[in-house]
Amino acid sequence: MLSNTGIAELLARQAEREAGVLSRAFRRAARSAFLWPENVTDLAAQNRPLTELRGIGPFIERQIRRWLDKPPRIRKSIPAIRQDFISLAEARQLLAMRHSWSKNLRGDLQMHTRWSDGSGTVAQMADAARERSYEYIAITDHSKGLKVAGGIDEHALRKQGTEIAKLNALISQSGGNLTLLRSIEMNLSPRGEGDMSPKSLLGLDLVLGSFHSSLRRVEDQTDRYLAALRNPNIQILAHPRGRIYNYRLGLIADWSRVLAEATRLDKALEIDCYPDRQDLNLHLLKLAREHGTRISLGTDAHHPWQLEFIELGLAATIQAKIPAERIVNFMPVPELKRWIQRVRRNQ
Ligand SMILES: [Zn+2]
């Protein structure tokens, strides 16, 4: 039987055989498959049109139905650039089987707002978080070095802080128990250096660091990761590999050394839950479990509805058997803040 990830692979291969508009449509449909909320096989069994699903028009529907009627053999060798991605349908099945696991989740630790390249305001992200009954979210807009994403400087970061403080006050006045954490996704140079004044970062509740440049290097990047982890201003390394589904493989490193260093420094590596990132991936999550490394979950949402991406990361932690006490987002706010304080003090 064809799973949604199997169909995604067939769509991606079809895109490689087609050209122009058609190729792009198949490529887009392949990416969309990771967000379809239900299994295509279930829809087909219920005689529902597949065009209910994002990215599927009548033409692609006919192609998928041909595959369903006569499933092509998907060779074991899915190319590395498309390997080890979970679909939302699959994630939801996993989470339904371990219902108690989702109850541990208290918040989301990566998202963007209109302050940088997100489409929602901080208040809209807060509303979306309250709908999910979260206890906290971290507002992590891009920092000034990432100009293409509208990164913010120290002045804007301070102004955003004032807005967040006001919103926190409003939320608690109205009896809500959501806390907006002041944070940033600080851009790191390939040498692991940040682009914000360390003083401005001390005013934040937590700091993510991530690489957005030189992501296609093919030589070993272990030193870059060790330098990033040793950067005294960050506590969480976001989307560590820098991979993107069907677009970029991500960096290569001696991950055992990287994870051992993260554990020694008590810092976290992130699962960026964005569907075409899913970074860390399952393979590295299993290694992280062996090293006892802390794991942080962030959707990298750029629109309020995208907070649902968290399910992909949560499912991955189940698959990798990450112990609950190693997942940063399972901590209540006071414990989370104590951890950050401890990491900052130990620099
Ligand atoms: Zn990023």
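Residues numbered from 1 in each chain as written. Predicted model: local features only at pLDDT ≥ 70, side-chain atom pairs only at ≥ 80, totals over all residues. Heavy atoms only, no water.

1. What about the coordination of the zinc ion?
Bound to the zinc ion are the protein donor atoms Glu185 (OE), His212 (NE2) and His239 (NE2), situated 2.0 to 2.2 Å from the metal. Each donor residue of the zinc ion belongs to the same chain, with the gaps between them written as E-x26-H-x26-H. Of the two residues, His212 is situated in the loop between strand S5 (208-211) and helix H10 (222-230) and His239 in the loop between strand S6 (236-237) and helix H11 (255-265); the sequence distance between them amounts to 27 residues. Note on His212: relative accessible area 22%, which makes it partly exposed. (Donors = N, O, S within 2.8 Å, 3.2 Å for Na, K, Ca; no water. Helix = DSSP H or I, 4+ residues; strand = E, 2+ residues; numbered from the N terminus. Buried < 20%, exposed > 50% of the residue type's maximum accessible area, 1.4 Å probe, protein only.)

2. Some thoughts on the pairing of strand S8 (residues 294-298)
Of all five residues in S8, five are buried; the element is thus mostly enclosed. Of the two faces of S8, the one lined by Arg294, Ser296 and Gly298 and the one lined by Ile295 and Leu297 are each fully buried. The parallel pair strand S7 (residues 268-272) and S8 is bridged by helix H12 (residues 282-291), and the resulting crossover is right-handed. (Right-handed = clockwise from strand over helix to strand, strands pointing away.)

3. With respect to the packing of helix H2 (residues 20-32) against helix H4 (residues 58-69)
Where H2 meets H4, the closest approach of the two axes is 11 Å, and the angle between their N-to-C directions is 65°. It follows from the interaxial angle that H2 and H4 lie roughly perpendicular. Note on packing geometry: the crossing formed by H2 with H4 is right-handed. Where H2 abuts H4, its residues Leu22, Ala25, Phe26 and Ala29 lie against Phe59, Ile60 and Gln63. The class makeup of the residues in the contact of H2 with H4 is six nonpolar, one polar and no charged. (Axes fitted to C-alpha atoms, helices over the stretch in contact; angles between N-to-C directions. Parallel < 35°, antiparallel > 145°, perpendicular 65-115°, else oblique. Left-handed = near helix turned anticlockwise from the far one by under 90°. Contact = heavy atoms within 4.5 Å. Nonpolar A, V, L, I, M, F, W, Y, C, P; charged D, E, K, R; others polar.)

4. Here's the deal with the side chain of Ser200
You can see Ser200 is positioned in helix H9 (residues 198-202). Under the relative-accessibility criterion, Ser200 is labelled buried at 17%. The residues contacting Ser200, other than those within four sequence positions of it, are Glu154 and Leu157.

5. Side note on the pairing of strand S4 (residues 185-188)
Judged by which residues are buried, S4 turns out to be covered on both faces: Glu185 and Asn187 on one side and Met186 and Leu188 on the other are all buried. Pairing geometry for S4 and S5, over four bridges, is parallel. Residue pairing for S5: Glu185 is matched across the bridge by Leu208. (Pairing = 2+ DSSP bridges.)

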